[in-house]
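Structure at a glance
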Amino acid sequence: MAQTRPKEITLALMPGDGIGLEVMDAAETVLETLRERHQLPLRWETLPWPSTAWHREHGEMMPADALEQLRGYDALLLGALGDPGPTSDPKRYRLSDGISLAPLLTFRKGLDLWACERPARLLPGAPQYLADPRAANVDMLVIRENSEGEYVNQGGRLRPGTVDEVATQLEVFTRRATERLIRHAFRRATERLKARHEAGEIRDYSCARSGHQNAQVCLITKRNAQPNWGEMYTEVLDQVAPEFPEIGVHHELVDAACMKFVQCPWQFDVVAASNLHGDILTDLAAVLSGGLGVAPSCNINPDDKSQPALFEPTHGSAPDIAGQGIANPSAMLLTAAMMLEWLDFSAPAEQLRAAVAKDLQAQQQGDARARTTREVTRGIIDNLR
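Along each chain, residues carry numbers from 1 onward, in the same order as the chain's sequence is written. Totals for whole chains, interfaces and linings use every residue, but because this is a predicted model, local features are given only for residues with pLDDT of at least 70 and side-chain atom pairs only at 80 or more, for both listing and counting. The side-chain values count all of the structure's non-hydrogen atoms but skip hydrogen atoms and water molecules.

1. Some words on empty space enclosed by the protein
- The distinction between a cavity and a pocket rests on a 1 Å grid over the protein atoms alone: a 1.4 Å probe fits inside a cavity but cannot get out, while a pocket stays open yet meets protein on both sides within 12 Å along at least five of seven lines, and a residue with an atom within 4 Å of a point counts as lining. Grid points are joined across faces, edges and corners, and a volume is the space filled by probe spheres set on the points. Counted by the stated rule, this structure contains one cavity of 30 Å³ or more.
- Here the largest cavity is characterised by a volume of approximately 50 Å³.
- Every residue along the wall of the largest cavity is listed here: Arg-118, Pro-119, Ala-120, Thr-282, Ala-285, Ala-286, Ser-289, Ala-295, Pro-296 and Thr-314.
- Of the residues that constitute the lining of the largest cavity, the class distribution is six nonpolar, three polar and one charged. Put simply, Ala, Val, Leu, Ile, Met, Phe, Trp, Tyr, Cys and Pro go in the nonpolar bin, Asp, Glu, Lys and Arg in the charged bin, and everything else, Gly too, in the polar bin.

As structure tokens, then:
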């Protein structure tokens, strides 16, 4: 019987602005290596939008039918959006953040990518900014609600530019979105617990119900000052938690969580937070795990893989170094590994993570000379081979 040919997976590569072009070039080179080595049924197309360059030519960040075009792909890989740089050029074509970053919100909401996952794990060789040796064990997953909350962009400005100006920004929280976020957090905690057991690793986390558990979901709110949505989040946590008796439950107010992310980040496992709180906490977690240069992220719909997921490194367009060829592609390559795993290519994904980690270790043990983007990419490819 003839073998069934695997379905071809189509990716959209969107370099975007600034260093996005440079790190995307690195990602494409590495994907080509993995495709050849593992005979992956991958093909991709590079799109010139969304980007500031596209806006300069067309008066918009992307075509009006961008969402419809993107629905034809299986996954989306984005470089960075924002100031294209270089900052040495004061006359560069630059847009406000509200315009340049708007495609991110359009993609997340238009494709219903309601969960943003950002792992914070300190890889060997990555910079450790906390002196406490326990910081080497940081390994948390922050899951940010991605579809509503503080970023619904509802509101307006009354009498703008006058002394009587009033600006309103409405927050919207629904029970449906809250429940799917929290249930997904428990499912991911269950997966992480299973993986640790298989690796012979045991961790201990505080639990409001039983004192201690080997896995945990920590809910972040500001329910003391914003009780309406904060209490709803808490009620849903109490409703869903009994379905996962092996997972501990914990709650932190967002200000206390920021303090404890620095004071004792190893005490967190899976963190669930609102759109704004998650946005802030994930950048802090990225620094604890080595900095934005090694911080990947993804925007997914865990319940519907027919929608293309969006993968992007946590860093921005870095206009101060754009065009110099010195951007660290590690975050982008770890993001590509997340994408491969989402597409069920687990072995290549794990090999890519290991190759990045090995390169970080080699750099730590070698000279302190800053390497170019191409040199880092070449080193990671050598590790893959």
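2. Section: the side chain of Thr-178
- Helical segments are the DSSP runs of H or I of at least four residues, strand segments are the runs of E of at least two, and each set is numbered from the N terminus. Tracing the sequence through the fold places Thr-178 in helix α6 (residues 175-198).
- The buried label applies to any residue whose accessible area, calculated with a 1.4 Å probe on protein chains only, is under 20% of its type's maximum; exposed applies above 50%, and partly exposed to all values in between. Among the residues examined, Thr-178 registers a relative accessible area of 0% and is labelled buried.
- Any two residues having at least one pair of non-hydrogen atoms within 4.5 Å are treated as being in contact. Sequence-distant contacts of Thr-178, that is, excluding residues within four places in its chain, are made with Met-232, Tyr-233 and Val-236.

3. Regarding the environment of Met-339
- Inspection of the secondary structure assignment puts Met-339 in helix α10 (residues 330-342).
- Residue Met-339 is classed as buried on the basis of its relative accessible area, which comes to 0%.
- For the pair Met-339 and Gln-154, spaced 185 residues apart in the sequence, the C-alpha separation amounts to 31 Å.
- Here Met-339 is in contact with Leu-11, Leu-31, Ala-75, Leu-77 and Phe-311, once residues within four sequence places are set aside.

4. Describing the packing of α10 against helix α11 (residues 346-365)
- Every angle, taken between N-to-C directions, lies between 0 and 180 degrees, and every axis is a line fitted to C-alpha atoms, over only the stretch in contact when it is a helix. Where α10 meets α11, the closest approach of the two axes is 7 Å, and the angle between their N-to-C directions is 160 degrees. Here α10 is positioned roughly antiparallel relative to α11, judged by the angle of their axes. Note that α10 runs across α11; the crossing there is left-handed. Contacts between α10 and α11 pair Ser-330, Leu-333, Leu-334, Ala-336, Ala-337, Met-338, Leu-340 and Glu-341 from the former with Ser-346, Pro-348, Ala-349, Leu-352, Arg-353, Val-356 and Leu-360 from the latter.
- The residue makeup of the contact of α10 with α11, split by class, is eleven nonpolar, two polar and two charged. When an angle is under 35 degrees it counts as roughly parallel; over 145 it counts as roughly antiparallel; between 65 and 115 it counts as roughly perpendicular; any other value is oblique. The crossing is said to be left-handed when, going from far helix to near helix, the turn is anticlockwise and less than a right angle, and right-handed when the turn is clockwise.

5. Looking at α6
- Multiplying one less than the number of residues by 1.5 Å gives the expected span of a helix. The terminal C-alpha atoms of α6 lie 35 Å apart, and with 24 residues this matches the ideal 34 Å at 1.5 Å per residue to within 8%.
- Phi turns positive, to about 75 degrees, at Gly-200, one or two residues after α6.

6. A look at the sheet that holds strand β5 (residues 139-145)
- Pairing between strands is defined by DSSP: at least two bridges between them are needed. With respect to topology, ten strands assemble into an open sheet ordered β2-β1-β3-β14-β13-β4-β5-β12-β10-β11, the strand pairing being mixed. Each edge of the open sheet carries a strand with a single partner, namely β2 (42-46) and β11 (248-253). Averaged over all pairs of adjacent strands, the angle between strand axes in this sheet comes to 20 degrees, irrespective of strand direction.
- Pairing of strand β1 (residues 9-16) with β2, which is carried by five bridges, proceeds in the parallel orientation. When the sheet's bridge partners are listed, Ile-9 is paired in β2 with Leu-42.
- Those strands touched by helix α8 (residues 254-263) are β5, β10 (216-221), β11 and β12 (270-273), and its axis lies near 105 degrees from that of β11.

7. Considerations on α11
- In a regular helix each residue adds 1.5 Å, so 20 residues correspond to 28 Å; α11 covers 29 Å between its end C-alpha atoms and thus fits that length.
- The complete set of buried residues in α11 reads Pro-348, Ala-349, Leu-352, Arg-353, Ala-355, Val-356, Ala-357, Asp-359 and Leu-360.
- Taken together, the buried residues of α11 touch α1 (20-38), α10 and α12 (373-384).

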